[in-house]
Amino acid sequence: MKTDVKANSTEALYFEGTLKSIGKIVNYFSFPEGLYICTNRSPFHPEDYLGGDQPGDIGKIKIEDIDYQVVDSKVLVINAKNGKLEYPASKSELRKGIEENIYVVQTGHFIIFGLENLDLEKLLDKKCLIEVDMNFRAQLSKTHTTIHLMSIVLNEDLAEFWTKIPTMLDVFGNPNFDALAIVKSKIFPLRAVDSYRLGKSLKKKGFDIQKFWEADLEEISKKMSQRLNKLILNNKKSTIIMKGNGNDLGDRRSFNIKINNKDISIPCGGTHLNSLSSIEKVKVNLKFGKKKDMLIVETNL
């Protein structure tokens, strides 16, 4: 491994919707499985190793007229003093490290083929052309946008199962089941799976788990699908705006849209559509986990 420890965090061009850009190689990390190449700027959206819901972009990187297929991309956390990879245990630890200039975060473009063509000793400071697979990105962006809307409908359809009003409500005044119970969210091309814990903590907040266990999930799924499709249809022209406090990979961002004349703002660092116009029929399916202590929500486009 050879690294420029003075390098800053990667400038995240995906935040602007960019799919192709010129970059400069500032770091590389070699593993038996392949090579991570880090650049000063990149259009790639990388996967967050701390449980990121959206997978990293794929595509290609051209170095000295040779195209290398990027089969994955990850957020790499680098010690700002010694250039070594770090693995903070939590997002709060990572955030604190970034704010205190202990860590820089860079987009690692992972390549596994053609490595014999690269002279690693001469790799730093080389310019490269970085290009995202636009079809893969478009499908992920459509899915990610849709599940934000799904969460609004989920809160509405599960409102009847609350015995008291919790402290956290969504912008429509419904108990925010999504925010209070979410454990994991995984996004795939045109499909997403969200997992919610039905435990003691949620029960204490006022959610009637026993009543929910007795509910007809097939009927709720049907109603949710209908409401979600209607919501999308009625807000087709709504513009999606991503806001943030900067363009560095570690900067905070939010997803913003007006839905039924209400301003929605959700903290999110993923990629999204510019509007809802390209989303067509969506189907939602709810089911319990094996022990019924989890609710699994599948969203298919």
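Predicted model only: the values in this text are computed from it and were never measured. Each chain has its residues counted from 1, running along the sequence as written. Two thresholds apply to this predicted model, a pLDDT of at least 70 for residue-level local features and 80 or more for giving and counting side-chain atom pairs, whereas whole-chain, interface and lining totals are computed over all residues. With hydrogens and water stripped out, all remaining heavy atoms of the structure feed into the side-chain values.

Now for a nonpolar patch on the surface. Each patch groups residues whose relative accessible area exceeds 30% and which form no salt bridge, using 9 Å between like charges and 5 Å between nonpolar side chains of Val, Leu, Ile, Met, Phe, Trp and Tyr. Each accessible area is a Shrake-Rupley estimate made with a 1.4 Å probe; only the visible protein chains count as cover when residues are assessed. Whenever a carboxyl oxygen of Asp or Glu lies within 4 Å of a side-chain nitrogen of Lys or Arg, that contact is scored as a salt bridge. Taken together, the side chains of V71, I112 and F113 make up a nonpolar region of the molecular surface, amounting to roughly 260 Å² of accessible area. Strands are runs of DSSP state E lasting at least two residues, helices are runs of H or I lasting at least four, and both sets are numbered from the N terminus onward. Along the chain, I112 turns up in the loop between β10 (103-111) and β11 (127-132).

In this section: the environment of K283. Of note, K283 is situated in strand β17 (residues 283-288). Throughout this description, buried means an accessible area under 20% of the type-specific maximum (1.4 Å probe, protein chains only), exposed means over 50%, and partly exposed covers the range between. Take K283: its relative accessible area is 59%, and that puts it in the exposed class. With residues up to four places along the chain from it excluded, the contact list for K283 reads S225, E298, T299 and N300. Any two residues whose heavy atoms approach within 4.5 Å at even a single point are treated as in contact.

Turning next to the pairing of strand β16 (residues 262-267). Strands are treated as partners if at least two bridges between them are detected by DSSP. Where strand β15 (residues 253-259) lies against β16, six bridges are found, and the strand directions are antiparallel. Within β16, the residue paired with K258 across the bridge is D263. The turn joining β15 and β16, which pair antiparallel and follow one another in sequence, is formed by two residues; a positive phi near 50 degrees is taken by N260.

Where helix α2 (residues 134-157) contacts helix α6 (residues 217-234), the axes come no closer than 9 Å and their chain directions differ by 125 degrees. Considering their axes alone, α2 and α6 lie oblique with respect to each other. Of the two possible hands of crossing, α2 and α6 adopt the one that is right-handed. Seen from α2, the contacting residues are T146, L149, M150, I152, V153, L154, E156 and D157; seen from α6, they are I220, K223, M224, R227, L228, L231 and I232. When grouped by side-chain class, the residues that make up the contact of α2 with α6 number ten nonpolar, one polar and four charged. The axes used here are C-alpha line fits, helices contributing only the stretch in contact, and every angle between their N-to-C directions lies in the interval 0 to 180 degrees. Any angle between 65 and 115 degrees counts as roughly perpendicular, while under 35 counts as roughly parallel, over 145 as roughly antiparallel, and the rest as oblique. Working rule for handedness: look at the near helix, and if it is turned counterclockwise from the far one by less than a right angle, call the crossing left-handed; if clockwise, right-handed. Nonpolar residues are Ala, Val, Leu, Ile, Met, Phe, Trp, Tyr, Cys and Pro. Charged residues are Asp, Glu, Lys and Arg, and all others, Gly as well, are polar.

Time to look at the sheet that holds strand β18 (residues 294-300). Here four strands make up an open sheet; going across it, the order is β12-β13-β18-β17 and the pairing antiparallel. Here the strands that pair on one side only, and so sit at the sheet edges, are β12 (182-188) and β17. Strand-to-strand twist of the sheet, defined as the mean angle between neighbouring strand axes without regard to direction, takes the value 15 degrees. As defined by bridge partners, strand β13 (residues 191-197) adjoins β18 across seven bridges and the pair is classed as antiparallel.

Before going further, it helps to spend a moment on the layout of surface pockets. Taking a probe equal in size to a water molecule and rolling it over the atoms shows the remaining empty space. In this analysis the probe radius is 1.4 Å and the grid spacing 1 Å, with only protein atoms considered; a cavity is a set of points the probe fits into but cannot get out of, a pocket is an open set with protein on both sides within 12 Å along at least five of seven lines, and lining residues have an atom within 4 Å of a point. Grid points are joined across faces, edges and corners, and a volume is the space filled by probe spheres set on the points. Within this model, the largest pocket holds a volume of roughly 1500 Å³. Around the largest pocket, the lining comprises 47 residues; the ones closest to its centre are D53, K91, P267, C268 and G269. Elements represented by at least two residues in the lining of the largest pocket include exactly α1 (91-99), α2, α3 (177-181), β12 and β16. When residues in the lining of the largest pocket are grouped by element, the largest group, seven residues, is from α2. Across the lining of the largest pocket, the residue classes tally to 20 nonpolar, 15 polar and twelve charged. Of the pockets and cavities examined, the second largest pocket occupies roughly 320 Å³. Lining the second largest pocket are 19 residues, with G17, S141, H272, L273 and N274 sitting closest to its centre. Only α2 and β14 (241-244) provide two or more residues apiece to the lining of the second largest pocket. Counting residues per element, the lining of the second largest pocket draws most heavily on α2, which supplies four residues. Classifying every residue of the lining of the second largest pocket gives nine nonpolar, seven polar and three charged.

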